[in-house]
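Structure at a glance
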Amino acid sequence: MMIAHSLPAKAQPVPSLSEWYPLMHADLERLLAAPDCCFEAGFGAFVSHLEEAFRIEEQSAEELGADSLKEHRQLHAEILRLMHHAQARNLACDYALSRKVIRLLPEWFNARSRRVDAPLTARMREAHPVARKHRMGTAA
């Protein structure tokens, strides 16, 4: 199972991973629909992608000197710990926990986005106004 999207390149400013969330939701839907024979590989790819997304977000927050960096890292560690636990159960062909986590992730990300990501997103947009204009199609 392939992940259908990619994260921004390191050289580009990362305005908000909340813009990545809708793509992530589509990946989660595909994973839920996947038969067990394909599930383990797809879940592993998703976890790897999520680790990279969190790494980029943390790096951007650190570069901006964001006050919420410690909270971001704690939240990321919490969700990745659960993802890795589920991934270990997948190795024993027990996919129930992984499928449950996938069903719960969208709500977790929505709550997280409102509580933790909104201030960081605003700070990133302030720091990278040119990139935002290009992304929105308003650059001259």
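In this text the structure is predicted, and so the values were computed from the model without any measurement.

**Brief notes about the packing of aromatic side chains**
For the structure shown, the criterion picks out two aromatic pairs. Ring centres of Phe39 and Tyr95 lie 5.5 Å apart, and the angle between their planes is 70°; on these two criteria the pair is classed as edge-to-face. A residue pair is termed long-range when its members are at least 10 positions apart, and Phe39 in helix H2 (residues 36–64) and Tyr95 in the loop between helix H3 (69–90) and helix H4 (96–127) qualify at 56 residues. Taken together, Phe39, Phe43 and Tyr95 form an aromatic cluster joined through their ring pairs. Stacked on the ring of Phe39, the Lys or Arg Arg99 has its end atom at 4.2 Å from the ring centre.

**Quick look at H2**
One turn of the α-helix equals 3.6 residues, which is why residues spaced by three or four share an orientation. If you check H2, its first and last C-alpha atoms are 42 Å apart, about what 29 residues at 1.5 Å a residue would give, namely 42 Å. In the stretch just after H2, Gly65 is the one whose phi turns positive, near 65°.

**Describing the confidence of the model for the chain**
Averaged over all residues, the pLDDT of the chain equals 76, while 65% of them reach at least 70. Predicted confidence for residues 1–15 stays below pLDDT 50, and this span has 33 contacts to residues more than four positions away or in other chains. Within the model, the stretch residues 131–140 combines pLDDT values under 50 with eight contacts to residues more than four positions away or in other chains.

**Quick notes on the pattern of salt bridges**
For the structure shown, the criterion picks out six salt bridges. With a shortest N-O distance of 3.1 Å, Asp94 and Arg89 are connected by a salt bridge. Put simply, Glu58, Glu62 and Arg73 are held in one network by salt bridges that share partners.

Rules of the game
Residues numbered from 1 in each chain as written. Predicted model: local features only at pLDDT ≥ 70, side-chain atom pairs only at ≥ 80, totals over all residues. Heavy atoms only, no water. Phe/Tyr/Trp six-rings, centres within 6.5 Å; stacked < 30°, edge-to-face > 60°. Helix = DSSP H or I, 4+ residues; strand = E, 2+ residues; numbered from the N terminus. Lys NZ or Arg CZ within 6 Å of the ring centre and 35° of its normal. Expected span 1.5 Å × (residues − 1). pLDDT = per-residue confidence, 0-100. Contact = heavy atoms within 4.5 Å. Salt bridge = Lys/Arg side-chain N within 4 Å of Asp/Glu carboxyl O.

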